[in-house]
Amino acid sequence: METISARCVYTGRELWEREFPGIGKPFNSVSNKPGATYIGSPFVSLPDAVYLRWEGKIYRSDPPPGRTTGTFALPGRLVEAIYDDRKLPELGARECARRLSDSHRRTPSFRGSTSGGQQTYTGTSSRRLAVLQRHSGEVLWEREAEVGFRHKTIVSSNDALFLIDGLSENALKHLPQRGRKPESPSKFMALELASGREIWNSGWKVLGTFLLYSEDYDILVESGNFDVNWGHVTLTKGGSAARREDEPKRATARRGRDGKVLWESEHFLLPAVVRDTMLISASRYDHTAVCLLTGEPSMREEPHTGKTSRWRYSQRKNCDALNASVHLLLFRSGYAGYFDLEHDTGTGMFTGFRAGCSANMIAADGVLSALDYSRTCVCSYPIQTSLALIHMPGDSNIEFWTRYEGSRPDPTNHGLNFGAPGRRVDVAGSGRVWYGELDADPSHPSQRGHDALDLQRYGVPGTKYRHPSAIVDSGGSLAWVASSLREFNNQERLVIRDLPEGEYALRLHFAELDDHVGPGQRVFDVLIDGQKMLDGFDIVEDTGGPLRGTVKTFSVPIDGTLSIELRKTEASELNPVISGMEVLGKR
């Protein structure tokens, strides 16, 4: 906890290391979790420089060699001087764009509280704000707060600095209980970054303790900070959760150029991820999204039925907020987890290695880096290591399956992968979404109310799975589709409902996964809507042996419902099986 270092993204090789005694002391605590969101990180990295705050100064270093190229003195007093306590660590929060702004922790209205106490508000805000030219260290301007600049409500863009001077709604409610009155009303303001000149100032419905800004759409979103970091949820000796009531549980969006309120939401929490016009909550309590422009809930159209439901993602056994890239949400979900944003197909896991209590997976430069960030975690995991992953969509030996959360809304273009462990997208080919059999069971909780598929019997018996690498020849199928199957008996019938009327191409995928089955042992008929389409079909005879796939394509008219039956012939020893099915509407 005495150094800061840099590593190569592609090899993990250490590029440089610098010693700054005590730099990591504020984060070396389990209760702090580890705490960067609450107290602010001691450094910020830009393409041409790394800025580090240490012992009242800012050190500017070149990224590749790590050598110091400048040292700036900070205006104001150290935290330990403010509270007259040499044991207090130097804490602070920064926002850095073209210039660097810095603040010192102090909340005047709660000055009597113990700094950093788990149920206090002291230390969440600063009395003064200073903006420095980041190349020379020149102080461009300073501003004194009337109440206090909340650390997580200081956001900079290329030309403006947005911030809130005041207390949150919930904090204001605590003042009368202490016999206090607010020193000044809360204000939301925009300042010119170069000069500090006030662009606009609004005192209407200022509520936030956390601020997010979209430069593309010039929209500011304020809400509470529900990332479960230190001070938001703590465990008492009795084991019960004690949440600080400071964070508001609603959100407001404003226009950046003039502060005009655009929308309000009673059901959305920050922090969040901005993906085009989609605002995805990163709070462990809220896995939904709203439209950045309107605040309306983001919806998804359910496959097969056309019904809509609120967009959401799943995350289990999670400790903290998440990281994100264009295509992935990255978080802890038991192990290291991800949500597939590109295809909207659900949550999957990189099993085996540890995901930290703080988000430790970073997608950048074409790789997914996962740094070991488990030093304050007490959970047991198999492997504590740092590693990097690359994207390999064409390798059938690499398997990633997701838990259903939604899909692209095309009931006339989907696949069923019988016996598969989950959901998968043919990213290297058609881009088609393939549903695991769990999704096909209307009695399963994830399917209640959808009435999308109707299997007369569902259960583990009758399913079989091999690794895709075992498939000798996929025969026009996909190795990961041919590597699983479901065995049907003569009382079963597969029914797909709510399909738009029209002409369809139906592609049935078959493979024999039992190495010991020979010709004549598994023979069956295939009936589609009661009409026999395959008579005495023998997979092994058709493909030339086990572990080989084949695809049979039929053109069928559909009036809303599709029925498929597999009937074992009298001479067959074994029941019929099927690996996959594609339902493709003809346009």
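Per chain, residue numbering runs from 1 following the sequence as it is written. With the structure being a predicted model, the display of local features is reserved for residues of pLDDT at least 70 and the display and counting of side-chain atom pairs for 80 or more, all residues being used for whole-chain, interface and lining totals. In computing side-chain values, all of the structure's heavy atoms are included and hydrogens and water are not.

Some points on the side chain of S477
Each helix is a run of DSSP H or I of at least 4 residues and each strand a run of E of at least 2, with the numbering of both proceeding from the N terminus. If you trace the backbone, S477 turns up in the loop between β37 (463-465) and α4 (479-482). Remark: exposure states derive from per-residue accessible area (1.4 Å probe, protein chains only) relative to the maximum for the residue type, with buried under 20%, exposed over 50%, and partly exposed in between. Judged by its relative accessible area of 9%, S477 is buried. Here the side chain of S477 touches H509 through a polar contact of 2.8 Å, side chain to side chain. Throughout, a residue-residue contact means that at least one pair of heavy atoms, one from each residue, lies within 4.5 Å. Ignoring anything within four residues of it in the chain, the contact list for S477 reads A482, H509 and V551. As used in this structure description, the phrase polar contact means that two N or O atoms lie within 3.5 Å; if the pair is within protein, one of them must be able to donate a hydrogen and the other to accept it, and residues adjacent in sequence are counted only when both atoms belong to side chains.

Thoughts on unusual backbone geometry
Negative phi values dominate among residues other than glycine, just as trans dominates among peptide bonds. Between L270 and the following residue, P271, the backbone shows a cis peptide bond with an omega angle of 5 degrees. Along the polypeptide, P271 turns up in the loop between β20 (261-265) and β21 (272-275). Of note, K205 is a non-glycine position whose phi angle comes to about 50 degrees, a positive value. Assignment of secondary structure puts K205 in the loop between β14 (198-202) and β15 (210-214). For D218, which is not glycine, the phi torsion reads 55 degrees and is therefore positive. In this structure, D218 sits in the loop between β15 and β16 (219-223).

Considering the packing of aromatic side chains
Centres within 6.5 Å make a pair out of two Phe, Tyr or Trp rings, where for Trp the six-membered ring is used; the pair is then stacked when the planes are under 30 degrees apart, edge-to-face when over 60, and tilted otherwise. Tallied over the full model, the rule gives 16 aromatic pairs. Between F20 and Y59, the aromatic rings sit 5.5 Å apart at their centres with planes inclined by 65 degrees, giving edge-to-face as the arrangement. Remark: Y59 occurs in strand β5 (residues 57-61) and F20 occurs in the loop between β2 (14-19) and α1 (36-39); sequence separation between them is 39 residues. Centroid distance W401 to W480: 6.0 Å. Interplanar angle 80 degrees. Geometry classified as edge-to-face. On the criterion of sequence distance, the pair formed by W401 in the loop between β32 (387-390) and β33 (413-417) and W480 in helix α4 is long-range, its members being 79 residues apart. W401 sits in the buried class, given a relative accessible area of 15%. By way of ring pairs, the aromatic residues W311, Y313, F331 and F339 are connected into one cluster. Criterion for a charge above a ring: Arg CZ or Lys NZ at most 6 Å from the ring centre, at most 35 degrees from the ring normal. R424 extends its terminal NZ or CZ atom over the ring of W401, reaching a point 5.2 Å from the ring centre.

Notes on the side chain of D165
Relative to the assigned elements, D165 resides in strand β12 (residues 160-165). Within the buried set, D165 has no salt-bridge partner at all; the shortest N-O distance to an opposite charge, 5.7 Å, is to R143. Reaching out from D165, the side chain makes a polar contact with the backbone nitrogen of G148 at a distance of 3.0 Å. Setting aside its immediate chain neighbours within four residues, D165 contacts A145, E146, V147, G148, F149, P185, S186, K187 and M189. None of His or the chain ends enter the tally, which takes Lys and Arg as positive and Asp and Glu as negative. Just to be clear on terms, a salt bridge is a Lys or Arg side-chain nitrogen sitting within 4 Å of an Asp or Glu carboxyl oxygen.

Observations regarding the nonpolar core
A general trend in soluble globular proteins is that nonpolar side chains are found buried together. Remark: nonpolar core denotes a set of buried residues (Ala, Val, Leu, Ile, Met, Phe, Trp, Tyr, Cys) joined through side-chain atoms within 4.5 Å. Among the nonpolar cores identified, the biggest contains 35 residues, and L506, L508, F510, V526, L562, M581 and V583 are the most heavily contacted of them. Per element, the largest residue contribution to this core is 5 residues, and it comes from strand β40 (residues 502-511). When neighbours within four sequence positions are excluded, L508 is seen to be in contact with V526, T550, V551, K552, F554, I564, I578, G580 and M581.

Notes on the pattern of salt bridges
This model, assessed by the stated rule, comprises 22 salt bridges. A salt bridge links D48 to R60, with the nearest nitrogen and oxygen atoms 3.9 Å apart. In this pair, D48 is assigned in the loop between β3 (43-46) and β4 (49-54) and R60 in strand β5, connecting sequence segments 12 residues apart. Owing to a relative accessible area of 32%, D48 belongs among the partly exposed residues under this scheme.

Some remarks on the pairing of β4
With respect to burial, β4 is a largely interior element, 6 of its 6 residues being buried. Along β4, one buried face is formed by A49, Y51 and R53 and the opposite face, lined by V50, L52 and W54, is buried too. Pairing between two strands requires that DSSP report at least two bridges joining them. Note: β3 against β4, 4 bridges, orientation antiparallel. Bridge pairing links F43 to L52 in β4. The antiparallel pairing of β3 with β4 creates a hairpin that spans 2 residues between the two strands. Where β4 lies against β5, 5 bridges are found, and the strand directions are antiparallel. For Y51, the partnering residue across the bridge sits in β5 and is R60. The loop that links β4 with its antiparallel partner β5 comprises 2 residues; one of these, E55, has a positive phi angle of about 50 degrees.

Quick notes on the sheet that holds strand β6 (residues 68-73)
Read from one edge to the other, the open sheet built from 4 strands follows the order β3-β4-β5-β6, with strand pairing classed as antiparallel. Looking at strand neighbours, the two that pair on one side only are β3 and β6, the edges of this open sheet. Each adjacent strand pair in this sheet contributes to an overall mean axis angle of 15 degrees, direction not counted. As defined by bridge partners, β5 adjoins β6 across 5 bridges and the pair is classed as antiparallel. Inter-axis angles, ranging from 0 to 180 degrees, are taken between N-to-C directions of lines fitted to C-alpha atoms, where helices are fitted over the stretch in contact.

Topic: the sheet that holds β37
With antiparallel pairing, 3 strands are arranged side by side in an open sheet as β37-β38-β45. The open sheet has two edge strands with one neighbour each: β37 and β45 (577-578). Strand direction decides the pairing type here: strand β38 (residues 484-487) and β45, joined by 2 bridges, are antiparallel. For E487, the partnering residue across the bridge sits in β45 and is V577.

Observations regarding the confidence of the model for the protein chain
Values of pLDDT, which run from 0 to 100, indicate the predictor's confidence residue by residue. Looking at the protein chain, the pLDDT average stands at 79 and 76% of residues meet or exceed 70. The secondary-structure element of the protein chain with the lowest mean pLDDT is strand β7 (residues 92-96), recorded at 30, while helix α5 (residues 539-543) shows the highest, at 97. Contacts of residues 31-37 to residues separated by more than four positions or lying in other chains number 30 contacts, the stretch itself having pLDDT below 50. Predicted confidence is poor over residues 87-120, with pLDDT under 50, and the contacts of this stretch with residues over four places away or in other chains come to 148 contacts.

Considerations on the environment of E573
Summarising the element assignment, E573 is placed in the loop between β44 (562-568) and β45. With near-sequence residues (within four places) excluded, E573 lies in contact with Q521 and K568.

Side note on the pairing of strand β27 (residues 328-333)
Summarising burial for β27: 5 of the 6 residues are buried, a large majority. Linking strand β26 (residues 323-324) to β27, which pair antiparallel, is a turn of 3 residues. In this sheet, strand β28 (residues 335-340) lies alongside β27 in antiparallel orientation, the contact comprising 6 bridges. If you follow L329 over to β28, its bridge partner there is F339. Connecting β27 to the next strand, β28, in antiparallel fashion are 1 residue, including G334 with a positive phi near 80 degrees.

Quick word on the environment of E19
With respect to the element layout, E19 can be found in strand β2. Of the residues examined, E19 reaches a relative accessible area of 58% and is grouped as exposed. Along the primary structure E19 and E2 are separated by 17 residues, whereas in three dimensions their C-alpha atoms are 5.8 Å apart. Excluding anything up to four places from it in sequence, E19 contacts E2 and T3.

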